[in-house]
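Single-letter residue listing:
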Amino acid sequence: MSQVCDICGKRPLYGHNVSHSHKKTLRRWEPSLRKIRVEDKGKIKVVKVCNKCVKAGKAKRAV
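On a predicted model such as this, the values are computed, not experimentally measured, just so you know. (Residues numbered from 1 in each chain as written. Predicted model: local features only at pLDDT ≥ 70, side-chain atom pairs only at ≥ 80, totals over all residues. Heavy atoms only, no water.)

A. Geometry of the side chain of Lys48. Within the element layout of this structure, Lys48 appears in strand 4 (residues 43-50). Despite its burial, Lys48 pairs with no opposite charge; the closest candidate is Asp6, at 6.7 Å N-O. A distance of 2.5 Å separates a polar side-chain atom of Lys48 from the backbone oxygen of Ser2. (Helix = DSSP H or I, 4+ residues; strand = E, 2+ residues; numbered from the N terminus. Buried < 20%, exposed > 50% of the residue type's maximum accessible area, 1.4 Å probe, protein only. Lys, Arg positive; Asp, Glu negative; His and termini not counted. Salt bridge = Lys/Arg side-chain N within 4 Å of Asp/Glu carboxyl O. Polar contact = N/O pair within 3.5 Å; in protein donor to acceptor, adjacent residues only side chain to side chain.)

This is the structure:
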């Protein structure tokens, strides 16, 4: 299941966990996504949207 915002395209970031001994292991930071119902051209569909887009009002919830 892809972790991508359907509005802004925000994706996971990759990097390392760094321990005290400086040993590095791979990790990834997931975007904070929500599934919300949106009205698009008269039809209601469910999209994955990041919290930043929800707060900014880029995705209007369907009633």
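After that view of the structure, there is still more to cover.
B. Local environment of unusual backbone geometry. For His22, which is not a glycine, the phi torsion comes out positive at approximately 70 degrees. Within the secondary structure, His22 sits in the loop between strand 1 (13-18) and strand 2 (24-29).

C. Structural detail: the pattern of salt bridges. Evaluated as defined, the whole model comprises two salt bridges. Put simply, Glu30 and Arg28 hold a salt bridge, and the shortest N to O gap is 2.6 Å. Taking relative accessible area as the criterion, Glu30 reaches 40% and is therefore assigned partly exposed. Notably, a salt bridge pairs Lys45 with Asp40, separated by 3.3 Å at the nearest N-O pair.

D. Structural view of the pairing of strand 4. Bridge count between strand 3 (residues 33-40) and strand 4: eight bridges; the pairing is antiparallel. In the sheet register, Arg34 faces strand 4, and the bridge partner there is Val49. Hairpin geometry of strand 3 and strand 4 is characterised by an intervening segment of two residues between the two adjacent antiparallel strands and by a positive phi of about 55 degrees at Lys41. (Pairing = 2+ DSSP bridges.)

E. Broad picture of the pairing of strand 1. Bridge count for strand 1 against strand 2 is six bridges, and the pairing is antiparallel. Bridged to Asn17 within strand 2 is Thr25. Hairpin connection between strand 1 and strand 2: a loop of five residues separates the two successive antiparallel strands, and His22 in this loop has a positive phi of roughly 70 degrees.

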